[in-house]
There are 2 protein chains.
Amino acid sequence: MPVQPETLSVVKDQLVALLGDRCSSAQAVRDQHSKGESWHEPIAPDLVCFARSTEEVSEIVKVCAAHKVPVVPFAAGTSLEGHVHAVEGGVCIDLNEMNQILAVNTEDLDCVVQPGVRRKQLNEFLRDTGLFFPIDPGADASIGGMASTRASGTNAVRYGTIRENVLNLTVVRPDGQIIKTGGRAKKSAAGYDLTKLYVGSEGTLGIITEVTLRLYGIPEAMSAATVSFPDIGSAVQAVILTIQAGIPVARIELADEVQIDAINKYSNMTLPVQPSLFLEFHGSETGVEEQARQVGEICKDFGAEDFQWTTRTEERNKLWEARHNAAYAALALRPGSSLWATDVCVPISRLADCIMETKKDLETSNLIAPIVGHVGDGNFHLAFVLDKDNPAELEEAEQINGRLIDRALAMDGTCTGEHGIGLGKKKYLRREVGSAFDVMVAVKQALDPDNIMNPGKII
Amino acid sequence: MPVQPETLSVVKDQLVALLGDRCSSAQAVRDQHSKGESWHEPIAPDLVCFARSTEEVSEIVKVCAAHKVPVVPFAAGTSLEGHVHAVEGGVCIDLNEMNQILAVNTEDLDCVVQPGVRRKQLNEFLRDTGLFFPIDPGADASIGGMASTRASGTNAVRYGTIRENVLNLTVVRPDGQIIKTGGRAKKSAAGYDLTKLYVGSEGTLGIITEVTLRLYGIPEAMSAATVSFPDIGSAVQAVILTIQAGIPVARIELADEVQIDAINKYSNMTLPVQPSLFLEFHGSETGVEEQARQVGEICKDFGAEDFQWTTRTEERNKLWEARHNAAYAALALRPGSSLWATDVCVPISRLADCIMETKKDLETSNLIAPIVGHVGDGNFHLAFVLDKDNPAELEEAEQINGRLIDRALAMDGTCTGEHGIGLGKKKYLRREVGSAFDVMVAVKQALDPDNIMNPGKII
């Protein structure tokens, strides 16, 4: 239900009094805050507020709470399932000006950042400290957004997802109350794990305004490898064996031949147009060599002839840039198209079946949909490249996506490994979690009784 | 408030109808279920039910819910903060007969167990599979209890706590509803993280009746080391540098000279009576050698002369058995005494200060209180060995414990790294989490509105 004009007018007056020209109702500003990077039709908020501190976020939320007006947080706008769409209008809080790195505790391997800090910004800032922040979802996402959507990405197989790497959050609750969910201790058994409750809650329980993150020492040695396989089943089997053997790969990424073709064209590379793995190894000099040798042998057993290993930083960076641009490369296959990126995650023993059945399903489709995946975790993506104004294409993607999710759930997997629920996967959540959905509803009602925090998402 | 006799009589009749002689009100049985392993005065439940399945737990809970009678789960009885004390009487559900390992998925490195399975039982069962479950709190605790209290222990520095290693739980809610909180995918971004909400909730939100755990391949090579230091500050500094250097030690345990003396006497060892570290290294043959060499060099820089490294399984096992018996060794220092074990966890940069200030505080006390710690995580324990019938000793321990916690909180740490809140630390929880306590209360009220699940704990 949209916000009533008279309510909006009162709220706007109060927010302008609070923020001056940092509260905007200009159409262009609203439009900028109406969408993420995926196909979902934009839905603009009524107002956009640019906050500069936790206290300001609290004040904005208090105004909204008094009038039961929805609040939607926004930063990088890189989400993929419609998380920032203002489905009931209301106030978007833009957190991009809250982009300070507040503390780096090098001795404790942690840091405290504001939610608008981007992951690349953080790593550039950290460079001289010898530390890095490993979570890397590809996009240059904001830390607040990553925490809100429980993001992960290429390094999760070694370093975990953001869930394992957030120690503490400052959260503004729906009534404006400011809380801290943890401390800086590496572990705690003190009460309910509120940090993990807010991580992945997609702004539906409160707004994250500070994040304490774990950091890691930059490894003594890093090396990368590429390898191509006769078929996708062999590639996945090599991954499964690598994981089962306990080889501590930092990254092990799959791209199918469709994606490799797109990468070659977009990033001017000459990779064999076959299912391929991109790998990275972190450790000591001898460690990374040992890991690469072991993985190389496994790949050879599965028919790979061209395991190429490099310790050169330049080659390594080129490889990962190409991998990170996979989605843009896919889009470039069809100029003017939109991206519908979906992801599932399954137990690794089922990964080959899941991917191959999905490929078979795609064979009968006219849609282009490259597959890439963080396969060490059993997580992979389909990226439909489609004309979002063509209902037939949307319908076909919806059908394939539905069958993909059914397949993953039947394999004891999840409808989303890392993109989140947002708008796009709401209808699958209940199917996945069954009666546990009641618990989610109870938590939401208890913590946001007026349903003002990013309404229409998750629940 | 105790359960009224007439209510109890009705509940007992219904439970006996359900369970026959597996519902007992015998004093001896009630007494067995009245305490953990710490000093807290036992408080017996009114009835004890021995459940054999999730469905039975659900039926028992439904009977209790209908009459608003408290329900307290129980298995190994190794908790340290009074978690199983039936402070308002009611029904204790003994889960020891639910001790089946339901599935081991070797390809996926996971397993599904009932809550009464003990950690040693699980590892014995797994031995032939080449896999192991690393979480090791010392005591041969039940998996359900470990999940309920967010346990960790010696291996957490490498493998995380049980929080990072539970993929899914089956939980019986306060109305008897049975839910699953996750699947077997390694990661998920699907809705609120209910698994992490129930892990560490100490039975106050529901009863865990099945646990899906991550497993790990038994490392190709394992080795252990002991090393002693001129003073505790040097030992802790060596730990800090080891962690900061990113050396992936599997275990790095501190014992002060009081604890070493106790261990020597109890386990018939001849360790130098000085602050010492016990270490374990997991990896490839070359990896563990490299790690040991690096740590050995760091220890030498801090004045350790006797770094002793062994790859012999027998010596390794003897060492860890001695470490695991540290609490019993402490008790043996004073026959007939009781244990008051407390733990805190701080950022590692503050660990030396925290331990040394605590030692200084102990110097003016007459209490014996050895210090041991999972120092790689910044976590350490004080184990008061006292006469629990002597109010002066209890009062003194209380004072020292309070100052220890104040110290840890002032250092941005937590009042408990792994033992949990239970009864013993309730008064410190609010101090630690501040207004976030309101969120915990709201969650508890939403999910257990009649407050029948392990009442009087955490909140």
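From a predicted model like this one, the values you see are computed outputs, not experimental measurements.

### Some words on the packing of helix α14 (residues 351-363) of chain A against helix α15 (residues 391-410) of chain A
A pair of packed helices can be characterised by two numbers: the angle between their axes and the separation between those axes.
Residue and element names in this part refer to chain A.
1) Next: Running from amino to carboxyl end, α14 crosses α15 at an angle of 160°, the nearest separation of the two axes being 10 Å. For the element pair α14 / α15, the angle class is roughly antiparallel. In the crossing of α14 with α15, the sense of the turn from one axis to the other is right-handed. Taking contact as the criterion, the partners of C354, E357, T358, D361 and L362 in α14 are, on α15, I400, R403, L404, R407 and A408.

### Overview of the interface of chain A and chain B
1) Next: The interface is formed by 74 residues belonging to chain A together with 74 residues belonging to chain B.
2) Next: Together, the buried faces of chain A and chain B total about 5800 Å²; carbon and sulfur atoms form 57% of this surface.
3) Next: A per-residue breakdown of the area chain A buries against chain B is headed by A:K187, A:A189 and A:Y192, which together make up 16% of the total.
4) Next: Inspection of the region where chain A meets chain B yields eight salt bridges.
5) Next: Here B:D377 makes a salt bridge to A:K187, at a shortest N to O gap of 3.5 Å.
6) Next: At the boundary of chain A with chain B, the tally comes to 36 residue pairs in polar contact (both at pLDDT 80 or more).
7) Next: For the side of chain A that touches chain B, the elements supplying multiple residues, two or more each, are α7 (162-165), β9 (178-180), α8 (194-198), α9 (232-244), α11 (285-301), α16 (426-433) and α17 (436-447) of chain A.
8) Next: In terms of residues, the side of chain A that touches chain B owes the most to one element, α17(A), which gives nine residues.
9) Next: Of the residues assigned to the side of chain A that touches chain B, the class counts are 30 nonpolar, 24 polar and 20 charged.

### Observations concerning the domain arrangement of chain A
1) Next: Entries for chain A in the domain assignment read domain 1 (5-96), domain 2 (101-217), domain 3 (221-327) and domain 4 (334-420).
2) Next: In this structure, domain 1 of chain A and domain 3 of chain A have C-alpha centres spaced 42 Å apart.

### Looking at the sheet that holds strand β12 (residues 221-228) of chain A
All names here are of chain A.
1) Next: Pairing is antiparallel across the open sheet formed by seven strands, whose spatial order is β15-β12-β14-β13-β17-β18-β16. The open sheet has two free edges, formed respectively by β15 (308-310) and β16 (338-345), since each of these has just one partner strand. Going across the sheet, the axis of each strand differs from the next one's by a mean of 15°, ignoring polarity.
2) Next: Pairing geometry for strand β13 (residues 251-255) and strand β17 (residues 371-374), over two bridges, is antiparallel. Bridge pairing links A255 to V372 in β17.

### Comments concerning the UniProt feature "domain: FAD-binding PCMH-type" (unreviewed entry) in chain A
1) Next: UniProt's entry tags residues 40-218 of chain A with the feature "domain: FAD-binding PCMH-type" (unreviewed entry), counted in the numbering of this structure.
2) Next: Helix makes up 23% of residues 40-218 of chain A and strand 24%, and the two end C-alpha atoms of the span are 38 Å apart.

### Quick notes on the environment of A:A26
Residue and element names in this part refer to chain A.
1) Next: Within the secondary structure layout, A26 lies in the loop between β1 (23-24) and α2 (27-32).
2) Next: Its relative accessible area of 36% is what places A26 among the partly exposed residues.
3) Next: Expressed as a C-alpha distance, the spacing of A26 and D389, which sit 363 residues apart in the sequence, is 26 Å.

### Some details on the sheet that holds β1(A)
All names here are of chain A.
1) Next: On the basis of which strands lie adjacent, the open sheet formed by four strands has the order β1-β2-β4-β3 and mixed pairing. The sheet is open, and its two borders are formed by β1 and β3 (71-74), each paired with just one other strand.
2) Next: Of the pairings in the sheet, the one linking β1 to strand β2 (residues 47-50) comprises two bridges and is antiparallel in character. Residue pairing in the sheet places S24 in a bridge with V48 of β2.
3) Next: Across the sheet, helix α1 (residues 5-19) lies against β1, β2 and β4 (91-94), angled at about 20° from β2, the strand it touches most.
4) Next: Against the sheet, helix α3 (residues 54-66) makes contact with β2, β3 and β4, and its axis sits at roughly 175° relative to β4, the strand it touches most.

### Description of the pattern of salt bridges
All names here are of chain A.
1) Next: Taken as a whole and judged by the stated rule, the model has 66 salt bridges over all chains.
2) Next: Across the pair E393 and R334 runs a salt bridge whose closest N-O atoms are separated by 2.9 Å. Within this pair, whereas E393 is found in helix α15, its partner R334 is found in the loop between α13 (326-332) and β16, the two being separated by 59 residues in sequence.
3) Next: For E393, a relative accessible area of 13% translates into the label buried.
4) Next: In this structure, the salt-bridge partner of K444 is D448, at a minimum N-O distance of 2.7 Å.
5) Next: Judged by its relative accessible area of 7%, K444 is buried.
6) Next: One connected set of salt bridges, linked through shared partners, spans R119, D136, R251, E280 and R316.

### Brief notes about the packing of aromatic side chains
1) Next: Within the structure shown, the criterion is met by ten aromatic pairs over all chains.
2) Next: When the centroid spacing of 5.6 Å and the interplanar angle of 85° are considered together, the rings of B:F132 and B:Y159 count as edge-to-face. Here B:Y159 lies in helix α6 (residues 156-159) and B:F132 lies in strand β7 (residues 131-132), a separation of 27 residues in the sequence.
3) Next: A connected cluster of aromatic rings, assembled from ring pairs, spans A:W39, A:W340 and A:F384.
4) Next: Note that A:R251 overlies the ring of A:W320, its terminal NZ or CZ placed 4.4 Å from the centroid.

### A short note on the packing of α15(A) against α16(A)
Residues and elements named next belong to chain A.
1) Next: At a minimum axis distance of 11 Å, the contact between α15 and α16 shows a crossing angle of 20°. By the angle class used here, α15 and α16 are roughly parallel. When the axes of α15 and α16 are compared, the crossing they make is right-handed. Here E398, N401, G402, I405, D406 and L409 of α15 lie close against α16, whose contacting residues are K427, Y428, R431 and E432.
2) Next: When its residues are assigned to classes, the contact of α15 with α16 shows three nonpolar, two polar and five charged.

### Notes on the relation of the copies chain A and chain B
1) Next: With an RMSD of 0.0 Å, the fit of chain A onto chain B corresponds to turning through 180° and sliding 0.0 Å along the axis. The relationship between the two copies is best expressed as a two-fold rotation axis.
2) Next: A shared interface surface links the copies, since 100% of the contact residues of chain A are contact residues in chain B too.

Conventions adopted
- Residues numbered from 1 in each chain as written.
- Chains lettered and ligands numbered in written order.
- Predicted model: local features only at pLDDT ≥ 70, side-chain atom pairs only at ≥ 80, totals over all residues.
- Heavy atoms only, no water.
- Axes fitted to C-alpha atoms, helices over the stretch in contact; angles between N-to-C directions.
- Helix = DSSP H or I, 4+ residues; strand = E, 2+ residues; numbered from the N terminus.
- Parallel < 35°, antiparallel > 145°, perpendicular 65-115°, else oblique.
- Left-handed = near helix turned anticlockwise from the far one by under 90°.
- Contact = heavy atoms within 4.5 Å.
- Buried area = accessible area lost by both parts, 1.4 Å probe.
- Salt bridge = Lys/Arg side-chain N within 4 Å of Asp/Glu carboxyl O.
- Polar contact = N/O pair within 3.5 Å; in protein donor to acceptor, adjacent residues only side chain to side chain.
- Nonpolar A, V, L, I, M, F, W, Y, C, P; charged D, E, K, R; others polar.
- Domains from an automatic or database assignment.
- Pairing = 2+ DSSP bridges.
- UniProt positions renumbered as here; feature names shortened; annotations may be inferred.
- Buried < 20%, exposed > 50% of the residue type's maximum accessible area, 1.4 Å probe, protein only.
- Phe/Tyr/Trp six-rings, centres within 6.5 Å; stacked < 30°, edge-to-face > 60°.
- Lys NZ or Arg CZ within 6 Å of the ring centre and 35° of its normal.
- Least-squares fit on C-alpha atoms with pLDDT ≥ 70 in both.

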